[in-house]
Amino acid sequence: MLIDFRVQPPFKSFLGIHFFRPRPAVKDPVAGNPFAMGRRAMPSFDEKSMDLFLREMDEAGIDAAVVVGQRTAESGGCADNDDIAELVERYPGRFFGFGGVDPLECGAVEEVQRCVKELGCRGMAMLPGWSDPPLYDDDEQVYPIYEACRALGVPVIITSSHYIGADMTYSMPVHIQKVALDFPELTIIVGHGCWPWTMQACAVAMRSKNVYLMPEFYMYLPDMPGADDYVRAANGYLSHRMLYSSCYPSRPLGQTLEEFKKLPIKPASQENMLWHNGARILGLDS
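Report follows, based on the coordinates.

What counts, and where the lines are drawn
Residues numbered from 1 in each chain as written. Predicted model: local features only at pLDDT ≥ 70, side-chain atom pairs only at ≥ 80, totals over all residues. Heavy atoms only, no water. Phe/Tyr/Trp six-rings, centres within 6.5 Å; stacked < 30°, edge-to-face > 60°. Helix = DSSP H or I, 4+ residues; strand = E, 2+ residues; numbered from the N terminus. Buried < 20%, exposed > 50% of the residue type's maximum accessible area, 1.4 Å probe, protein only. Axes fitted to C-alpha atoms, helices over the stretch in contact; angles between N-to-C directions. Parallel < 35°, antiparallel > 145°, perpendicular 65-115°, else oblique. Contact = heavy atoms within 4.5 Å. Nonpolar A, V, L, I, M, F, W, Y, C, P; charged D, E, K, R; others polar. Pairing = 2+ DSSP bridges.

On to the packing of aromatic side chains. Overall, the coordinates contain 19 aromatic pairs when judged by the stated rule. Each ring, one from Phe20 and one from Tyr248, has its centre 6.4 Å from the other, and the planes form 65°; the classification is edge-to-face. Linking Phe20 in the loop between β1 (3-7) and α1 (43-46) with Tyr248 in the loop between α9 (227-235) and α10 (253-261), this pair joins segments that are 228 residues apart in sequence. In this pair, the class of Phe20 matches that of Tyr248, namely buried. On the basis of an interplanar angle of 80° and a centroid distance of 5.7 Å, the ring pair of Tyr143 and Tyr146 is categorised as edge-to-face.

All right, on to the packing of α10 against helix α11 (residues 267-282) then. Between α10 and α11, whose axes approach to 12 Å, the crossing angle comes to 155°. Of the possible angle classes, the one that applies to α10 and α11 is roughly antiparallel. Contact with α10, carried on its side by Leu257, Phe260 and Lys261, involves Gln270, Met273 and Leu274 of α11 and no other residues of that element. Its residues placed into classes, the contact of α10 with α11 shows four nonpolar, one polar and one charged.

To continue, consider the pairing of β1. Put simply, side chains in a regular strand alternate between the two faces of the sheet. With five of five residues buried, β1 is to be regarded as a mostly interior element. By the bridge criterion, three bridges tie β1 to strand β2 (residues 64-68) in an arrangement that is parallel. Across the sheet, residue Asp4 finds its bridge partner in β2, namely Ala65.

The seven strands are arranged β1-β2-β3-β4-β5-β6-β7 in an open sheet whose pairing can be described as parallel. Each edge of the open sheet is held by one strand with a lone partner, namely β1 and β7 (211-214). Direction aside, the axes of adjacent strands within the sheet are offset by 25° on average. Bridge count for strand β4 (residues 123-126) against strand β5 (residues 156-159) is three bridges, and the pairing is parallel. Among the inter-strand pairings, Met124 is bridged to a residue of β5, identified as Val156. Relative to the sheet, helix α6 (residues 173-182) contacts β5, β6 (188-191) and β7, its axis offset from that of β6 by approximately 170°.

Laid out in structure tokens, this is it:
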């Protein structure tokens, strides 16, 4: 069995977020998008087709996926949480929803409660660095969201990397550490794994047992600096607290899985990342 723990499918309002905007070719290798290097064509992206997306899931052998919501400033775009609930209901057992919330949005705490209690979301997702103005993950304005998730007993995905925020200080793992220590009962999933602060991110997870790392392409892309830190942690003390996700549509479903499986990760640890750890968070019978 295989769970892809973060996808944003070509479905309704998701088509308006940053990742589905046009990708003009850049011939200059110096100015090109590093995540486009070697990236194969994605028919589901090109045609904005949910049917093709499901076919690509089947071809890759992905049994289930977590649809991760997004609510940010205008530059990043917003997806409607009701669309997530509709997708989960339309394809039962195939998708699990994490609602998106912007900490600065009016009624943010109420939206968390609505997503969990009314829409059936299994967790929430945030990009504080893409709020307007950008916020550090441990900003006091974000704490009501953490408290709401803790009270509801649901995990939160915080996306943290050098692209999220005004500069690289926003992705420093010490911000995640403070939240983890202040909310020891809250399961925190760190999307992008705080890259490039890879060793420090692993150190935060070593100390805080409520922190899961989900490095995504920062672990799988060939020759990515710092990826070895994630691989070694996955083979050791973080075997039970790392998650696999493609981060579609940043990278294709099948290609990303192929790149992941080429990493020198022990079979037991690979199985944990692909299934057991995600199933445990989602409350599935593994």
